Amino acid sequence: MSSYGRKLIEPPDMPNTAVYLQKACLQHRYIRTRDTSHIVERPERLRAVNVGFAAAVARLEETMSSAAALTLAESASQTSVQKGAADELTEALGKLQLSTPSQARPVERVPVTFIQSDASLDILNHAAVKFIHGDIERDVYLEALKAWAKDSQDKVNKGESEIPEGYSQGDLYLCPGSLDAIQGALGTVCEAVDAVIQGSTQTAASSSHPRQPTQAFVAVRPPGHHCGEDTPSGFCFVNNVAVGAAHAHLKHGVNRVVIFDIDLHHGNGTQAIAWGINEETFRKQLEAEHGAAADKPGLQVYYGSIHDVLSYPCEDGKPELIQAASVSIHGPHGQHIENIHLRPYGSEQEFWDKLYPEQYSRLFDKARDFLESTGDTKEDVLVFISCGFDASEHEYPSMSRHQRKVPTSFYHRFGRDARSFAERYAKGRLISVLEGGYSDRALMSGAMAHLTGLVDTGDMGVDEQWWSPNNLTALEAATKKRRGGRPSQTVPAEPWLARTVELFASIDSSHTIPAASRASVPPSNRTLRERKPISSASTSSTKNGSSTSPGKQEEIKHGTRPEMARTSTAPTSASEGNLTDVTSRMASEREADTSTKKLPRVILKLGPAPNA
C-alpha cells in the first residue's frame, strides 16, 4: 500500500489544520444609524467565510472518500489475486460502508478541526498587548479604546459620534460590544499560537491525546493590519497578528517571526510595528557589541506584503505612505521589509507564468534570506499570514477599480506555498489570520481556496473547478440566508452541496446574535467613508497616518512618550456625494492633528574602555 493510502487510513499521522471561530466577534456593529447597507466591515463577513470553510471540507471529504475507496479496492483486488478468491473485493467494499455526503461522516478523514473559541483577554492586563500597544508609563491608547467602546451608545444617543475628533469617522466605528469582539479576537489568535507551537513539538507516539494543529486559520474581526502602536485606522483598532507574534515571543521564546501580508491594501500598521521592534532589537545588539551586558535575544520580524499601491492607504498620494508601501530593505539597521506592488494581468496563464513566479514569490525568497541570515534553527520561528481576500477577482468592482487583483486560485497556491515554507523553516508552524475582504463571493471563494491550501492533502490534488463561477453560484444558492440567518431548508441535489449546508449549519453562529438595538438619532452627515474634494486645500497638519511610531517594548527603560494630544477640526464643507456603493473611495485619512510625536532617543550603552 502506498504512503498515500496509509495516510487516509491512519489520519492521526496527518498534520492537523485548525479553524478558529469566535462568536464574540459578531458583537462589533455599526450603531450610528439604522441603515447599514453602506457598511463593508460587517458581521456578515464571517458568515461568508464560514460558507467557504464548509465547502472546502465538503469537497476534501468527497475526494478523500473516493481516494480511500479506490485504495481499498486496489488492495482487495491484489489480495483476491494472491488468494485466488474472487469474492474478496466484494467483501472488502462491503465492509467499507461508504456514506452519502449528506450523512454524518468520520471527520477524521479530513485533517481539519473547527474550534469554537471562547478565548478572551484583557487588553489592559496582557503582556503581548502591552508589548505592541502599551506605553512606558501608562497605557494611554488602550485605556482610551476601552472608554470609547463603553461610552459609544451614549454618544450616539446624543447625536454625536462614538469616534473622537481627530480620527477618521469614515473607516472607524465602535459599539458597546466592540470591546468583547476585540478582546475575543486577540484571545483567539493567542490561543491559536499556543496550540500550533504545542502541535509542532507533539508526535503521534508522544501523546495519547489528539494531536494539536500545526497550521491554523483564525477567522476574526475587526481586522488589524492597518493599526499601528496607537494609530487605529482602516477598520482596525488593535493589530491581531502583531499581538500574536509578541505572545509567541514572550511566552514561547519565538525570536523570529515571518509575516506574509496578502491583503489588497498595504498593512502600514504591521510594518510600522515590525520596524519599531527590529529597531529596538538592533539597538540592543549594538550595545552588546560595545560591551554592554548581554540581554536575552530580542524579537526580529520579517514583514512582506503584496498590495495595490494605488489603493488605501496610499490612494491620496501622500508621499510618506507611498514610500512606506514601497520599502525593500534587508539587513541594514536590523530591518527586514519587502513590499511588492500588485500588477494587472491579461489572463490567468500570464498570472501563473509570469507574475506569480517572477514577482509575488519573491516574498518567500526574501523571507528565506531573513531566516538563513539570522539563525540556523527552526525552534524559534513562527510564520503568520495576514490574509485579506479583497484582492480577489470577485471583490466589488469599486474596491478593485485599479485592476490590481488576483485569481481565486492564488489563495490556494499561496496557502500551499506558505505551508511548505513553514515546514522547511518553522517546523510547520503557520497561522493565517483574517484581514480584509468585503463581498460575500470574494470571502467565500477565498476562504474555500485558502483552506484547501493550508491542509496537507498528501498526494491528493485539489480541483480548482471547486471555486468556478458555476459552482460558486450553486453554493450561494444553497446557503442563501433565510429569515433567522440560517441557510435554506431545501436539500441541494448535489452531494457536496448538501454536505456543505450540513457543515455550515454546525459551525456558523451568526444567526444566534440578536440584532443590536439602535436608538433613533438625528440626521447626521457622517458616513462610512468621508469624501473630501481633491482640490480643496487643507489648512491643518495631519497626524502621521502611516503608523510609523515604533512599537514600545516593556523592557525599554529609556525615553518617554507624549500623551495623545488631538485638536478638533472643522467639518468639511464639501458634500459627501453618493455613497450607495458599499466599497467606494477607501481613501479617507484621520482628521487634522497638530501634535508632533517625538522620536525615541537611541542611546548606546558602552562598556568600559579596553585595556591598553
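Right above here is the structure, for reference.
Residues numbered from 1 in each chain as written. Predicted model: local features only at pLDDT ≥ 70, side-chain atom pairs only at ≥ 80, totals over all residues. Heavy atoms only, no water.

(A) Representation of the pattern of salt bridges. Counting across every chain of the model gives 26 salt bridges. For Glu502, the salt bridge identified is with Arg499, shortest N-O distance 3.2 Å. Taken together, the residues span about one helical turn, with Glu502 and Arg499 both in helix 15 (residues 495-507) at a distance of three residues. By relative accessible area, Glu502 is classed as partly exposed at 29%. Counted as one network, the salt bridges with shared partners bring together Glu41, Arg45 and Arg221. (Salt bridge = Lys/Arg side-chain N within 4 Å of Asp/Glu carboxyl O. Helix = DSSP H or I, 4+ residues; strand = E, 2+ residues; numbered from the N terminus. Buried < 20%, exposed > 50% of the residue type's maximum accessible area, 1.4 Å probe, protein only.)

(B) Seen up close, the environment of Pro397. Checked against the element boundaries, Pro397 lands in the loop between strand 8 (381-387) and helix 12 (409-425). Here the alpha-carbon distance between Pro397 and Ser439, two residues 42 residues apart in the chain, equals 9.8 Å.

(C) Structural detail: helix 6 (residues 178-200). Taking 1.5 Å per residue as the helical rise, helix 6 with its 23 residues ought to reach 33 Å, and the 33 Å between its terminal C-alpha atoms agrees with that figure. Extensive coverage of helix 6 is indicated by the burial of 19 of its 23 residues. (Expected span 1.5 Å × (residues − 1).)

(D) Looking closely at the sheet that holds strand 6 (residues 328-330). Strand order in this open sheet of nine strands is 2-1-3-9-8-4-5-7-6, and the pairing throughout is mixed. The open sheet has two edge strands with one neighbour each: strand 2 (112-117) and strand 6. Adjacent strand axes in the sheet meet at a mean angle of 15°, parallel and antiparallel pairs treated alike. When strand 6 meets strand 7 (residues 336-341), the two strands line up antiparallel, connected through three bridges. Bridged to Ile329 within strand 7 is Ile337. Sitting on the sheet, helix 8 (residues 268-289) is in contact with strand 4 (256-261), strand 5 (300-307), strand 6 and strand 7, with an inclination near 155° to strand 5. (Pairing = 2+ DSSP bridges. Axes fitted to C-alpha atoms, helices over the stretch in contact; angles between N-to-C directions. Contact = heavy atoms within 4.5 Å.)

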